[in-house]
Amino acid sequence: MQKTLKIWLFSVIMGGSLSFNAASQEYCENGSYGNQLMWVESVASDPFNNQTGPFNNQYGDQDHLYIGYADYSNLNLNWQVGLNQLTLNPGRLEHPIMVDYPTHWQVWIDLNSDYDFTADERVWAASGFASEAATVDLSGLDIEGEVTTRLRISASFYENSPVCGSIGHGEVEDYSVTITPPIKTTWLVPEEYDRIQDAVNAATTGGTVLVNDGIYDEYVIIRKALSLVSVNGRDRTQITGNIFRPNIWVQSPNVTISGFSLDGRSNQFDAGILFDTGSHDGQVVDLACGLSTDNSDQHNNIHIKNSDRIVVSGLDCQFRGGHGIFAENTEGSRFIDNTFYLMEWAAIEVRAGKDIEIRGNQSTSNNYTGLIIRDSESVAVADNSFSFNPRALQANGLGGIITGTSDISVINNSFSGNSGNGLTVGQSVGVQLINNRFIVNKNYGLSLVGVDDVVVKENLFEYNQQAGLLMSGVNAAHITENEFSENYGFGIELRRVNDSLFEQNSLNNNYAMISLERSSDNAIRLNQMSYSTPFALNCQIDISQSYSNELYLNDFIFTADDGFCINDGSYNDWQSLLPLTYQFGGYEYTQSLGNYYNQANLIDQNGDGVGDGIYRLPGQNQYDNQPLMEPISSYIQQ
């Protein structure tokens, strides 16, 4: 096959005559005796793209010794020290004989600009039949400034064809290439700069300041977008700060700070890190707040002021300052997987925030509270623990406080062991509290005051010193599928609650079950209430000054003779106002249904599951006209 190809090539080439130009060239001549069978179709290095096409450089197109050569040295590729991308697309004659002959590519650069190509200046080579995506590695090139030199590309029938003289058949193209030194992206402390501030000042926008191990007795001001990163993490890299300044004062968007301990000085109005006005899109990663040597209880470890989309994650604050994170007038910020212990005031406080995410944080033993959210909207609080906030063992250490906020979801959090309420929500609208744990708090598990449009679902209220759930001045609430157990007051305590629905809750072994005070137009249904504790209050259901509430399909399973305390000013319905269709004992019935009272002595002659008489309740004209014979689980509703 090789012999056949050579004869054919000879016949193609001899179709024309050759002439030679002896004019001297700056670079050695290189090319082929023909490019009809194989050529360079295109050369690209983004954004450069030169489409030469087939048969573009035949004999007579230029004053050169060889036919298969094109001089594009007037075109320039811009590369840099490091890795550079080059796409080479071959042109090939479509003929069966070509399947045995790949294109052999070679690329040279006159790296020392001596008008000569040497073996070590061949920077890339490969063989194939299709387009080649080449990576040209110039990482080892040491230049101080910009260099422009010659780039030669060869596409040949023969592997390792020479860089000077004939390549046989194929094509050679020359270009110019400008190589720039590597762009400096990293500034080192203390290897290059003794002080962090000096490295920050020297760094260009978008660069990284890498800080090696040590204690840096300074404060840092950042006025450009960059990353400030410790090499070996917060346990080995400390910034002590200044009594009159934040340890790190951010005054620019797009700043990332990672891996420091902010030990040392700060006064009561400054912060470990201050994101000042307009410092948007910042990040704080894996920082320790450190131990203070001169600290006030108002110190903010991370202070975010009028800056949006700040992410704080991996922060560890112990025994330092008033707040772990204090954020005001911020939108789109996220506080994730941080740890707080013994803050003087609060672990996290957000004021006038919007679209805020607080997730995966652990807050323990802060003197006042774990969480404060004020005057905000669209806040998600999920998967956090706010526990054991003592307030010097007084009854006002809170797991969390939310006030003046709209559209807030509190999901899968733990509020436990606090010396006041587990969580207090006040003067807010559009609140969802789902799958949280309110356990062993010394006041109420959850307190809702002045809240409208609230959902409390699938939460656990257990071992709280007062009621599991207190609601005062609440409208349009849906309280469903919660468990209230072993609370030392009422399971649910309602004051001035209207137009709300309480259904499918379980209240077991609380000292009392439900209290209604000055509440109206609520529906209480499908709840299971029982107790067997010897410490139970006499008034398991305590109703005063409440009216037009509808109570039906509830289980009242009490060991006392009665358990109901209803004053004469209360008028409520103890059966459904509308008929219900249900199955009982294998038969279907439709009628109004009341509640099940385990202490009732009833007769059911027709077997429909409803007692033939009424069940009289305390208070004026309070009757259940449709008392159930069995617990509500025996009644299948349609």
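Quick caveat: nothing in here was measured; it's all calculated off a predicted structure.

**Some points on the overall build of the protein chain**
Okay, so step 1: The secondary structure content of the protein chain amounts to two helices and 63 strands.
Okay, so step 2: Taken across its 638 residues, the protein chain has 53% of its residues classed as buried.
Okay, so step 3: Long-range pairs, those at least 24 residues apart, make up 56% of the contacts in the protein chain between residues at least 6 apart in sequence.
Okay, so step 4: For the protein chain, the exposed area adds up to about 26,500 Å²; of that, 47% sits on carbon and sulfur atoms.

**Examining the pairing of strand β12 (residues 186-189)**
Okay, so step 1: The alternating pattern of β12 places W187 and V189 on a buried face, while none of T186 and L188, on the opposite face, is buried.
Okay, so step 2: As paired strands, β12 and strand β13 (residues 208-211) are joined by four bridges and run parallel to one another. In the sheet register, V189 faces β13, and the bridge partner there is V211.
Okay, so step 3: Following the chain from β12 across helix α2 (residues 196-202) to the adjacent parallel β13, one finds a crossover that is right-handed.

**With respect to a nonpolar patch on the surface**
Okay, so step 1: A cluster of nonpolar side chains, V440, Y463 and Y488, forms an exposed patch at the surface whose accessible area comes to about 260 Å².
Okay, so step 2: In this structure, Y463 sits in the loop between β44 (460-462) and β45 (469-480).
Okay, so step 3: With relative accessibility at 35%, the residue Y463 sits in the partly exposed group.

**Quick notes on the pattern of salt bridges**
Okay, so step 1: In this structure the tally under the stated criterion is 17 salt bridges.
Okay, so step 2: Residue D198 is joined to R195 by a salt bridge in which the shortest nitrogen-to-oxygen separation is 3.1 Å.
Okay, so step 3: One salt bridge connects R309 with D281, and the closest N-O pair in it is separated by 2.7 Å. Of this pair, R309 sits in the loop between β24 (300-305) and β25 (311-313) while D281 sits in the loop between β21 (271-275) and β22 (283-285), placing them 28 residues apart in sequence.
Okay, so step 4: Given a relative accessible area of 31%, D281 falls into the partly exposed group.
Okay, so step 5: Salt bridges sharing partners connect three or more residues here, namely R334, E357, R359 and D383.

**Looking at the packing of aromatic side chains**
Okay, so step 1: Taken as a whole and judged by the stated rule, the model has 24 aromatic pairs.
Okay, so step 2: Centre to centre, the rings of F48 and Y175 are 5.7 Å apart; their planes meet at 90°, and the pair counts as edge-to-face. Here F48 is found in strand β3 (residues 48-51), whereas its partner Y175 is found in strand β11 (residues 170-180), with 127 residues between them in sequence. Here F48 and Y175 have matching classes, each one buried.
Okay, so step 3: Connected via pairs of aromatic rings, a cluster forms that spans Y531, F556, F558, F564, W574, Y597 and Y615.

**Topic: the nonpolar core**
Okay, so step 1: With 89 residues, the main nonpolar core has I248, I273, F335, L433, L446, L448 and M471 as its most contacted residues.
Okay, so step 2: Sort the elements by how many residues they give to this core and β45 lands first, with five residues.
Okay, so step 3: Once residues lying within four places of it in the same chain are set aside, the contact partners of I273 are I248, V250, I257, L262, V284, L287, N301, I302 and H303.
Okay, so step 4: Formed by 25 residues, the second largest nonpolar core is a distinct cluster that contains I109, V136, L138 and I153.

**Section: the sheet that holds β3**
Okay, so step 1: Taken together, the four strands give an open sheet; going across it, the order is β3-β2-β5-β8, and neighbouring strands pair in antiparallel fashion. A strand with exactly one partner marks an edge of an open sheet, and here the two such strands are β3 and β8 (132-137). Each adjacent strand pair in this sheet contributes to an overall mean axis angle of 30°, direction not counted.
Okay, so step 2: Sheet topology note: the strand β2 (residues 38-45)/strand β5 (residues 83-92) ladder contains six bridges and is antiparallel. Its bridge partner lying in β5, W39 is registered against G91.

**Observations concerning the confidence of the model for the protein chain**
Okay, so step 1: Confidence in the prediction for the protein chain averages 88 pLDDT; 89% of positions are at 70 or higher.
Okay, so step 2: Segment residues 1-25 is flagged for pLDDT under 50; beyond a separation of four residues in sequence, or across chains, it makes 28 contacts in the model.
Okay, so step 3: Confidence drops under a pLDDT of 50 for residues 392-396, and excluding neighbours within four residues, the segment shows eight contacts in the predicted structure.

**Details of a negative patch on the surface**
Okay, so step 1: A grouping of E331, D355, E377 and D407 is seen on the molecular surface, where their side chains present a negatively charged patch.
Okay, so step 2: Looking at the secondary structure, you find D355 in strand β31 (residues 354-359).
Okay, so step 3: Exposure remark for D355: the relative accessible area of 38% places this residue in the partly exposed category.

**What to know about the sheet that holds strand β46 (residues 483-485)**
Okay, so step 1: The 12 strands are arranged β26-β29-β32-β35-β38-β41-β44-β46-β49-β52-β55-β60 in an open sheet whose pairing can be described as parallel. The open sheet terminates on both sides in strands that have one partner only, identified here as β26 (316-318) and β60 (596-597).
Okay, so step 2: When strand β49 (residues 506-508) meets strand β52 (residues 528-530), the two strands line up parallel, connected through three bridges. Following the sheet pairing, N508 is matched in β52 by S530.

**What about the side chain of E503?**
Okay, so step 1: Mapped onto the elements of the fold, E503 is located in strand β48 (residues 501-503).
Okay, so step 2: In this view, E503 contacts H478, I479, T480, E481, R525, L526 and N527; residues no more than four positions away in its chain are not counted.

**Thoughts on the environment of N554**
Okay, so step 1: You can see N554 is positioned in the loop between β54 (547-552) and β55 (555-557).
Okay, so step 2: A residue is classified by how much of its surface remains accessible, and N554, at 0% relative accessible area, is buried.
Okay, so step 3: A sequence separation of 28 residues divides N554 from L526, and the C-alpha atoms of the two residues are 4.9 Å apart.
Okay, so step 4: Not counting residues within four places of it along the chain, the set of residues in contact with N554 comprises I524, R525, L526, N527, M529, G594, N595, Y596 and I632.
Okay, so step 5: Looking at N554, its side chain comes within polar contact range of the main-chain oxygen of I524, at 2.8 Å.

**Points about the pairing of β13**
Okay, so step 1: With burial as the criterion, only one face of β13 is covered, namely that bearing V209 and V211; the residues T208 and L210 on the opposite face remain uncovered.
Okay, so step 2: Bridge analysis of β13 against strand β16 (residues 226-230) gives four bridges, and the strand direction is parallel. Bridging from a neighbouring strand, V211 pairs with S230 of β16.

**Considering the state of the cysteines**
Okay, so step 1: This model, assessed by the stated rule, comprises three disulfides.
Okay, so step 2: Note that C539 is cross-linked by a disulfide to C565, the S-S spacing being 1.8 Å. A torsion of -75° about the S-S bond marks the disulfide between C539 and C565 as left-handed. One end of the pair, C539, is in the loop between β52 and β53 (541-544); the other, C565, is in strand β56 (residues 564-566), with 26 residues separating them in the sequence.
Okay, so step 3: Its relative accessible area of 23% is what places C539 among the partly exposed residues.
Okay, so step 4: The exposure class assigned to C565 is partly exposed, which follows from its relative accessible area of 23%.
Okay, so step 5: Counting only the cysteines that form disulfides, in the order they appear in the protein chain, gives the pairing 1-2, 3-4, 5-6.

**Brief notes about unusual backbone geometry**
Okay, so step 1: Following D46, the chain continues into P47 via a peptide bond in cis, with omega recorded as 10°.
Okay, so step 2: Structurally, P47 can be placed in the loop between β2 and β3.
Okay, so step 3: Here V189 and P190 are connected by a cis peptide whose omega angle stands at 5°.
Okay, so step 4: Within the secondary structure, P190 sits in the loop between β12 and α2.

Reading the values: rules and limits
Note on numbering: residues in each chain are counted from 1, in written sequence order. In keeping with the predicted nature of the model, local features appear solely for residues at pLDDT of at least 70, side-chain atom pairs appear and are counted solely at 80 or more, and the whole-chain, interface and lining totals rest on all residues. Derived side-chain values reflect all non-hydrogen atoms in the structure, with water molecules and hydrogen atoms excluded from consideration. A run of H or I in DSSP becomes a helix once it reaches four residues, and a run of E becomes a strand once it reaches two; helices and strands are each numbered from the N terminus. Burial classification: accessible surface area is computed with a 1.4 Å probe over protein chains only, and a residue below 20% of its type maximum counts as buried, one above 50% as exposed, and the rest as partly exposed. The contact rule is simple, with two residues in contact once any of their heavy atoms fall within 4.5 Å. The protein chains shown are the only cover counted for residues, whose accessible areas, like all others here, come from Shrake-Rupley with a 1.4 Å probe. At least two bridges found by DSSP between two strands is the condition for calling them paired. Seen with the strands pointing away from the viewer, any crossover whose path from the first strand over the helix to the second strand runs clockwise is right-handed. Patch building starts from residues that exceed 30% relative accessible area and form no salt bridge, then joins like charges within 9 Å and nonpolar side chains (Val, Leu, Ile, Met, Phe, Trp, Tyr) within 5 Å. Definition used for salt bridges: Asp or Glu carboxyl oxygen within 4 Å of a side-chain nitrogen of Lys or Arg. Here is the rule: rings of Phe, Tyr and Trp (six-membered ring for Trp) pair when centre to centre is within 6.5 Å. Planes less than 30 degrees apart are stacked, more than 60 are edge-to-face, and the remainder are tilted. Among buried residues, the Ala, Val, Leu, Ile, Met, Phe, Trp, Tyr and Cys ones that are joined through side-chain atoms within 4.5 Å form a nonpolar core. Fitted lines through C-alpha atoms give the axes, limited to the stretch in contact for helices. The angle between two N-to-C directions lies from 0 to 180 degrees. A score between 0 and 100, pLDDT records how confident the predictor is in each residue. When charges are counted, Lys and Arg contribute as positive and Asp and Glu as negative, whereas His and the chain ends are disregarded. The location of each charge is read from NZ of Lys, CZ of Arg, CG of Asp or CD of Glu. Two N or O atoms count as a polar contact when they lie within 3.5 Å, although within protein this holds only if one can serve as hydrogen donor and the other as acceptor, and sequence-adjacent residues are included solely when both atoms are side-chain atoms. Only a pair of cysteine sulfur atoms within 2.5 Å counts as a disulfide in this structure description.

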